[in-house]
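Structural characterization, general
So you can see what is in the structure, the chains are spelled out below.
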Amino acid sequence: MTTVTTARPLSQRTPTPPIHGFWPVTFKNVIIAMTNPWNLVFTIGLPVMIYLIFGTIEMAEQPLEHGNVAAAVLVSMAQYATVMAISMLTAEIAIESSKGWTRTMALTPLGVRAYMFAKVLISVIVGIIVLILIFTIGHATGSQMDFPTWVTTFGLIVILSVVPALLGLVVAAMVGGEQAYGVLGGSVALLGFLSGMFVPLDQLNEFFQTFAKFTPLWGMNQIALGPLTGWTEFDHLAIVNVLAWVAIMAAGAAALSKRFTNR
């Protein structure tokens, strides 16, 4: 015997709340990002390896104002790892939008706005997890900073992550498609070198020292290192650099956003 059920009238149906599915999407994507071989090798493995090479040599024990040289290497490598992780994840947002995935999400109870907010939150969570992992490894292998400096540096790197977030959006919008990941990975590595994350700028010639001040990652690296050195050698142009690049990339992302909605 077949039982026939009738649908409830629309007036008796309860709309699905917009937040429905928000946390499952967030947690699932965080797990995917943290178990991705690319993230493990290039986002975490490479910076840790460079830190262990240069942050554990004898001169790394030399003291700074609020820590030691090993901690300076650690801060630069932690920031590079965060830049890589966050820029890759925000690039994913742009790529999904260009492929029409956000239009698909608009048909679900979650909606586009909640989905986009979830993706941004995912990039922040992954960046913080990567930062915690690298700071923990550094603390266990000789990096020394007083507690306020650990906290201040951590907070500055998180706040300054707006720069790589915008960088990921702009590169993905310009390149389009999954080839943006390769372009972004190579450009972040190059910009990291030019900004002094891998090699201190005072060990390079005058041209590169001057050119570095016009690159997107130089300012954020100088600001993150400020608490460690007591701001004694801080170049205030770093603040101008960050504000200028945030404005430029935000404008670029807004101008290129039309590509996300074009069919």
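All chains use their own residue numbering, which begins from 1 and follows the written sequence. Two thresholds apply to this predicted model, a pLDDT of at least 70 for residue-level local features and 80 or more for giving and counting side-chain atom pairs, whereas whole-chain, interface and lining totals are computed over all residues. Here the side-chain values reflect all heavy atoms present in the structure, with hydrogen atoms and water set aside.

**Description of the overall build of the protein chain**
Put simply, the rule reads: The secondary structure listing takes helices from DSSP runs of H or I that are at least 4 residues long and strands from runs of E that are at least 2 residues long, numbered from the N terminus. Per-residue accessibility, obtained with a 1.4 Å probe over protein chains only, is compared with the maximum for each type, and a residue is labelled buried under 20%, exposed over 50%, and partly exposed between these values. Exposure was quantified through the Shrake-Rupley algorithm and a 1.4 Å probe, taking into account, for residues, occlusion by the shown protein chains and nothing else.
A tally of regular secondary structure across the protein chain gives 12 helices and two strands. Out of the 263 residues belonging to the protein chain, those deemed buried represent 44%. Split by element, the accessible area of the protein chain, about 14,000 Å² in all, is 69% carbon and sulfur.

**Remarks on the nonpolar core**
Where we set the bar: As used in this record, nonpolar core signifies buried Ala, Val, Leu, Ile, Met, Phe, Trp, Tyr and Cys residues forming a set joined through side-chain atoms within 4.5 Å. By definition, residues are in contact when any of their heavy atoms lie within 4.5 Å.
Among the nonpolar cores identified, the biggest contains 63 residues, and Val126 and Val130 are the most heavily contacted of them. Broken down by element, this core gets its largest block of residues, 17 residues, from helix α3 (residues 69-98). With near-sequence residues (within four places) excluded, valine 130 lies in contact with Met34, Thr43, Ile44, Ala81, Thr82 and Ala85.

**Section: a nonpolar patch on the surface**
In plain terms, the rule: Without a salt bridge and with relative accessible area above 30%, a residue can belong to a patch; like charges are then joined within 9 Å and nonpolar side chains (Val, Leu, Ile, Met, Phe, Trp, Tyr) within 5 Å. What makes a salt bridge here is a side-chain nitrogen of Lys or Arg within 4 Å of a carboxyl oxygen of Asp or Glu, nothing more.
A cluster of nonpolar side chains, contributed by Trp38, Leu40, Val41 and Phe42, occupies part of the molecular surface with about 350 Å² of accessible area. The topology assignment puts valine 41 in helix α2 (residues 37-54). For valine 41, a relative accessible area of 48% puts it in the partly exposed group.

**Points about helix α10 (residues 218-229)**
Heads up, the condition is: Expected span, for any helix, means 1.5 Å times one less than how many residues it has.
If you check α10, its first and last C-alpha atoms are 16 Å apart, about what 12 residues at 1.5 Å a residue would give, namely 16 Å. For α10, the buried fraction is high: 10 of the 12 residues fall into the buried class. Residues of α10 that are buried include every one of Trp218, Gly219, Met220, Asn221, Ile223, Ala224, Leu225, Gly226, Pro227 and Leu228, and no others.

**Details of helix α1 (residues 22-35)**
The line we're drawing: The directions from the helix axis to the C-beta atoms form the arc being described.
An ideal rise of 1.5 Å per residue puts 20 Å on 14 residues; α1 measures up with 20 Å between its terminal C-alpha atoms. Within the sequence span of α1, burial applies to Phe22, Thr26, Asn29, Val30, Ala33 and Met34. For α1, the arc enclosing every buried residue in end-on projection is 130°, short of the 170-degree limit, so these residues lie on one face. When the buried face of α1 is taken as reference, the exposed residues oriented beyond 90 degrees from it are Pro24, Phe27, Lys28, Ile31 and Thr35. Buried residues in α1 make contact with α2, α3 and α5 (112-140).

**With respect to the confidence of the model for the protein chain**
Threshold: Residue-level confidence of the predictor, termed pLDDT, takes values from 0 up to 100.
Taken as a whole, the protein chain shows an average pLDDT of 85; of its residues, 90% reach a score of 70 or greater. Taking the mean pLDDT of every element in the protein chain, the minimum, 57, falls on helix α12 (residues 258-261) and the maximum, 95, on helix α6 (residues 147-159).

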